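Reading the structure
Here are the chains, one letter per residue:
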Amino acid sequence: MLVPIFTLKLNHKINPRMVAIGKYDGIHPCLTAATQAGKVFIHNPHTRGQRPAAHRLSQSTQDSDISLLNINQAVSCLTAGTLGPNTTGHTLLVGSQTNLLAYDARLIYNIQNVCHMLIVLQVTDGANAIVLGKLGDIQNPLAIIGGNCALQGFDFEGNDQFWTVTGDNVRSLVLCDFTADGKNELLVGSEDFDIRVFREDELVTEMAENETVTSLCHMHGSRFGYALANGTVGVYDRTARYWRIKSKNHAMSIHAFDLNADGVVELITGWSNGKIDARSDRTGEVIFKDNFSSSVAGVVEGDYRMDGQIQLICSSVEGEVRGYLPASKEMKGNLMDASVEQDLIRELSQRKQNLILELRNYEENAKALPGVSEGESKKGVIPANTQLQTALSVRRATESQRAHIELNISTPNETIIRAVLIFAEGIFEGESHVVHPSVQNLSGCVRVPIIPPKDIPVDLHIKAFVGGKTSTQFHVFEITRQLPRFSMYDLNVDPSATQPTGKVTFSINDRPQRVVMWLNQNFLLPEGIDSPDITFTTLRAGGLLKINMQPSGEITLRTDDIDLAGDLIQSLASFLAIEDLQAEADFPVYFKELRATLTEVDEFHSVHQKLTAAMADHSNYIRNMLVQAEDARLMGD
């Protein structure tokens, strides 16, 4: 069983996801975290009396080990690392909703316990997440911050070396060699549920999830871990998801660390209920877990005992800190305690009992097959040709129901469907939906309305209980059906509908049949569609979508939804393996709104300049009055 090699009780609360390790003098690692009231503390146990390194942390931490840095504004993110090209110590970077502060903290070891502030930068879009390192072909390390739909990268002099926009508010960042070209790409998790990959300012690819991406961490190569706001954690290798699990608790922090000393890092997750667990990067299997008495704030690593061994360092929001060494060879990867093994034995025993019961049911059914009587049908015997059939169709909105996709699940004979369980990411709350018809309404057909919130392809994993009308035991049928990406679009067009004014035009060197194949894969279309010229009604926002292709290969998409046009072009380019595509777009409604917004911004700038001038005048008045007041005080007037 793996146990902590040191435990600290710090008298400071720690803000979640705002924990870092920094070597500010280039030698000694210091735990750095944001705490209450706009402060950052730096814990430095290495300046105590000269004791053997292995015993430095044997006593509880004293307040003299902690230096407090007063930021005077709410801290939203922090990190530490090498920013300057010729610096020996790490730089501490602290972000807020208005500023990015860089500190040269080498002087935390002197008597005054002060830090030198190197840079104060105003960031208009805020700093929700921060990462420090090299990006693409940019030579110097950058402090990259993510804010309100924007990404900015600053060098050690405060110069803006990198800037681009992303789809929504940024919540997490990590640098990773995603394309295996020897250069780092930037992975961005945002509130629109997407993980985007940037090669400098170029968008390489994106992965759609079903909740806000709260944490990202690089594991090795092109593999990275992620955590969502709904309690999901998992691992991707490039765009392929290896595994994911979902918990009722929230993942507060994730980190990659080789805890079982097998040469491959595990995904370490700190949870809101105080649990710490380590999972295999290949399977997601839990190999270690421990518990804090309060929510985990952060998980980092460093040689905190200065004995040449890197420790996994976990901290809670109440200020408790624990350090774990990787497993020794004698443990042979057995990191769990005996109670966990007992739980596993109990779980396997329960599974064994279930399998025995299922086998007994099969044996009874086999005996009853030659002649099926009413009594035998109660045991669940069904005709051999029974199968589960599914169909998807588009349904427009009515007075009683919103527009939706109807999933029709049926059997071809007299059997009935007693219940249906559907698993689907991002469609149902909790990712699952159960339909359980009443006894009076049992039949061989169940209809389930599905309303996809976004245009993403979704796998529907369907399980149905099928049996006779008097059955007490049922067969479980399983089937998977994919919901196309653009399923909320109907071919039935209202003749009186307003024609779209926005359009995008581009040319491809492919046959129309290839575009028809793309249409059939991504839309719910009836059989026999053989032309790329097609018109849909958009069921979410109303309006029309028109697709037209000329013999020359020129395609025109007509829609007033600029986001939909972008999604359609991305999907078609991916299907046709097109890397570069020249497109001409015209969206009069959007451009009109943009001009109106820019006019308002100019008016705000004008008011801002007037207010600034007025403030400067008032400052001069106040300065003069202060001088006069001081003169009057001295003269006793």
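What comes next concerns the included structure. The structure displayed is predicted, hence computed values, not measured ones.

Conventions adopted
Residues numbered from 1 in each chain as written. Predicted model: local features only at pLDDT ≥ 70, side-chain atom pairs only at ≥ 80, totals over all residues. Heavy atoms only, no water. Helix = DSSP H or I, 4+ residues; strand = E, 2+ residues; numbered from the N terminus. Buried < 20%, exposed > 50% of the residue type's maximum accessible area, 1.4 Å probe, protein only. Contact = heavy atoms within 4.5 Å. Areas by Shrake-Rupley, 256 points an atom, 1.4 Å probe, with all protein chains shown as cover. Patch = residues over 30% accessible without salt bridge, like charges linked within 9 Å, V, L, I, M, F, W, Y side chains within 5 Å. Salt bridge = Lys/Arg side-chain N within 4 Å of Asp/Glu carboxyl O. Phe/Tyr/Trp six-rings, centres within 6.5 Å; stacked < 30°, edge-to-face > 60°. Lys NZ or Arg CZ within 6 Å of the ring centre and 35° of its normal. Expected span 1.5 Å × (residues − 1). Polar contact = N/O pair within 3.5 Å; in protein donor to acceptor, adjacent residues only side chain to side chain. Pairing = 2+ DSSP bridges. Axes fitted to C-alpha atoms, helices over the stretch in contact; angles between N-to-C directions. Core = buried A, V, L, I, M, F, W, Y, C linked by side-chain atoms within 4.5 Å. Arc of directions from axis to C-beta.

Take the overall build of the chain next. Across its full length, the chain holds 5 helices and 41 strands. Counting across all 637 residues of the chain, residues that qualify as buried make up 46%. Long-range pairs, those at least 24 residues apart, make up 54% of the contacts in the chain with a sequence separation of at least 6. Summed over its atoms, the accessible surface of the chain is roughly 32900 Å², and 50% of this surface lies on carbon and sulfur atoms.

As a further point, take a nonpolar patch on the surface. Nonpolar side chains collect at one region of the surface, where Phe591, Leu594 and Leu598 lie side by side and expose about 260 Å² of accessible area between them. Position of Phe591 relative to the elements: it lies in helix α5 (residues 588-635).

Here the structure, examined in full by the defined rule, presents 11 aromatic pairs. Relative to Tyr304, the ring of Phe6 lies with its centre 6.0 Å away and its plane at 25°, an arrangement referred to as stacked. Of this pair, Phe6 sits in strand β1 (residues 6-9) while Tyr304 sits in the loop between β26 (296-302) and β27 (311-316), and the two are 298 residues apart along the sequence. Here Phe288 and Tyr324 contribute two aromatic rings whose centre-to-centre distance is 5.6 Å and whose plane-to-plane angle is 70°, an arrangement assigned as edge-to-face. Of this pair, Phe288 sits in strand β25 (residues 286-291) while Tyr324 sits in strand β28 (residues 320-324); the two residues are 36 residues apart in sequence, bridging distant segments of the chain. In this pair, the class of Phe288 matches that of Tyr324, namely buried. One aromatic cluster is present, formed by Phe486, Tyr489, Trp518, Phe523 and Phe536 through successive ring pairs. In this structure, Arg322 is placed above the aromatic ring of Phe292, and the distance from its NZ or CZ to the ring centre is 4.2 Å.

Right, let's talk about helix α4 (residues 562-575) for a bit. In this model, α4 (14 residues) spans 20 Å end to end at C-alpha, consistent with the 20 Å of a helix rising 1.5 Å per residue. What α4 keeps buried is the set Leu564, Ala565, Leu568, Ile569, Ser571, Leu572 and Ala573. Of the surrounding secondary structure, the elements contacted by the buried residues of α4 are β36 (489-490), β37 (503-507), α3 (512-522), β38 (534-538), β39 (544-549) and β40 (554-558). Where α4 starts, the residue carrying a side-chain oxygen 3.0 Å from the main-chain nitrogen of Asp563 turns out to be Asp561. In the stretch just after α4, Ala577 is the one whose phi turns positive, near 55°.

Moving on, we get to unusual backbone geometry. One non-glycine residue, Arg17, lies in positive phi territory at about 65°. Secondary-structure assignment places Arg17 in the loop between β1 and β2 (19-22). Of note in this structure, Arg238 is not a glycine but carries a positive phi near 55°. With respect to the helices and strands, Arg238 occurs in the loop between β20 (232-237) and β21 (240-246). The exposure class assigned to Arg238 is partly exposed, which follows from its relative accessible area of 37%.

Time to look at the sheet that holds strand β15 (residues 185-190). Strand order in the open sheet formed by 4 strands is β14-β15-β16-β17, with antiparallel pairing between adjacent strands. Of all the strands in the sheet, the pair left with one neighbour each is β14 (170-176) and β17 (202-208). Taken pair by pair, the neighbouring strands of this sheet meet at an average axis angle of 20°, ignoring direction. In this structure, β14 lies alongside β15, joined through 6 bridges in antiparallel fashion. From the neighbouring strand, Ser172 faces β15, where its bridge partner is Gly189.

Inspection of the secondary structure assignment puts His43 in strand β4 (residues 39-43). On the basis of relative accessible area, His43 is assigned to the buried category, the value being 0%.

Below, the discussion takes up the side chain of Glu320. Its place among the elements puts Glu320 in strand β28. A relative accessible area of 8% places Glu320 in the buried class. Within the structure, Glu320 has its side chain in polar contact with the side chain of Arg322 (distance 2.9 Å). For Glu320, the contacting residues outside a window of four places in its chain are Thr7, Leu8, Lys9, Phe292, Ser293, Cys314 and Ser315.

Before going further, it helps to examine the environment of His220. By secondary structure assignment, the location of His220 is in strand β18 (residues 213-220). Sequence separation of His220 and Asp177 is 43 residues, and the distance between their C-alpha atoms is 8.8 Å. Filtering out sequence-adjacent residues up to four positions away, His220 remains in contact with Val264, Val265 and Asp281.

Taken in spatial order, the 6 strands line up as β36-β38-β39-β40-β37-β41 in an open sheet, and their pairing is antiparallel. Both outer strands of the open sheet, β36 and β41 (583-586), are each paired with one neighbouring strand and no more. As paired elements, β37 and β40 share 5 bridges and run antiparallel to each other. In the sheet register, Ser507 faces β40, and the bridge partner there is Glu554. α3 contacts β38, β39 and β40 of the sheet and is inclined by roughly 155° relative to β39.

It is worth spelling out the nonpolar core at this point. Within the largest apolar cluster, 28 residues are counted, with the highest numbers of intra-cluster contacts made by Leu407, Val420, Ile450 and Leu460. Of all elements in the fold, only β29 (389-395), β30 (404-410), β31 (416-423), β33 (445-450), β34 (458-467) and β35 (475-483) reach the threshold of two or more residues within this core. Considering each element in turn, this core owes the most residues, 5 residues, to β34. By size, the runner-up hydrophobic cluster in this structure holds 24 residues, among which are Phe536, Ile555, Leu564 and Ile569.

Turning to α3, its buried residues number three or more, namely Val515, Val516, Trp518, Leu519 and Asn522. Projection of α3 onto a plane perpendicular to its axis shows the buried side chains occupying an angular sector of 160°, all on one side. Contacts from the buried residues of α3 go to β38, β39, β40 and α4.

This next bit is on the pairing of β1. Burial along β1 is one-sided: Phe6 and Leu8 are buried, and none of Thr7 and Lys9, which face the opposite way, are. Bridge analysis of β1 against β28 gives 4 bridges, and the strand direction is antiparallel. The residue bridging Phe6 from the neighbouring strand is Gly323, located in β28.

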